[in-house]
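Each chain, letter by letter, is given below.
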Amino acid sequence: FSYELSKLENKRGTPERPLSDLGRVSYESHWARELLLLLRKIGNRPDPEQRNASLVELSTLTAFKLEDIKATLERLRLLTYFKGQWII
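None of the values given here were measured: they were computed from a predicted structure. (Residues numbered from 1 in each chain as written. Predicted model: local features only at pLDDT ≥ 70, side-chain atom pairs only at ≥ 80, totals over all residues. Heavy atoms only, no water.)

(A) Region of the structure containing the overall build of the protein. From N to C terminus, the protein includes four helices and two strands. In the protein, the succession of α and β elements from N to C terminus is α-α-α-α-β-β. Each of the three principal axes of the protein carries a C-alpha extent, and together these read 40 × 30 × 20 Å. For the protein, contacts bridging at least 24 residues in sequence account for 52% of all contacts bridging at least 6. (Helix = DSSP H or I, 4+ residues; strand = E, 2+ residues; numbered from the N terminus. Contact = heavy atoms within 4.5 Å.)

Written as structure tokens, this is what we have:
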């Protein structure tokens, strides 16, 4: 719910830190699910040239902070640093 409010306000959100063990598991699961659904949607775009997304775009679409997105994609082993840039 808080992320939906963040989207309406055009802000990026993150939970209060430090997270409890249960809170960490819950948020990591939420972030992973939402990002995987979004990446599938982006990958299914009709125009092949539109089938890419930056971390900033993912942050804009989800209202997640960049640090949370990067950590989640790294944990899922979907993010690689190659020739000076991050690649999903």
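Now that the structure has been shown, the text picks up again.
(B) Focus on unusual backbone geometry. In this structure, A63 is a non-glycine residue whose phi angle is positive, near 70°. Among the structural elements, A63 can be located in the loop between α3 (55–62) and α4 (66–75). Positioned with a positive phi, K83 is a non-glycine residue whose angle comes to about 50°. Along the polypeptide, K83 turns up in the loop between β1 (80–82) and β2 (85–87). Look at K83 and you get exposed, because its relative accessible area is 73%. (Buried < 20%, exposed > 50% of the residue type's maximum accessible area, 1.4 Å probe, protein only.)

(C) Region of the structure containing α3. Those residues of α3 not exposed but buried are L55, L58, S59 and T62. When α3 is viewed along its axis, its buried side chains cluster within an angular range of 100° and face the same direction. Positive phi shows up at A63, right after α3, with a value of about 70°. (Arc of directions from axis to C-beta.)

(D) How the structure looks around the nonpolar core. In this structure, Y3, L35, L55, L58, F64, I69 and L73 are the most contacted members of the largest nonpolar core, which totals 13 residues. Where this core is concerned, the elements lending two or more residues are α2 (21–43), α3 and α4. Looking at this core element by element, the count peaks at five residues for α2. Here Y3 is in contact with G13, T14, P15, Y27, H30, W31, T62, A63 and F64, once residues within four sequence places are set aside. (Core = buried A, V, L, I, M, F, W, Y, C linked by side-chain atoms within 4.5 Å.)

(E) Layout of the environment of R77. Its location among the elements puts R77 in the loop between α4 and β1. Sequence separation between R77 and I88 is 11 residues; the distance between their C-alpha atoms is 9.0 Å.

(F) Structural context of the confidence of the model for the protein. With 92% of its residues at a pLDDT of 70 or more, the protein shows a mean pLDDT of 89. The secondary structure element of the protein with the lowest average pLDDT is helix α1 (residues 2–8), at 67, and the one with the highest is α4, at 96. (pLDDT = per-residue confidence, 0-100.)

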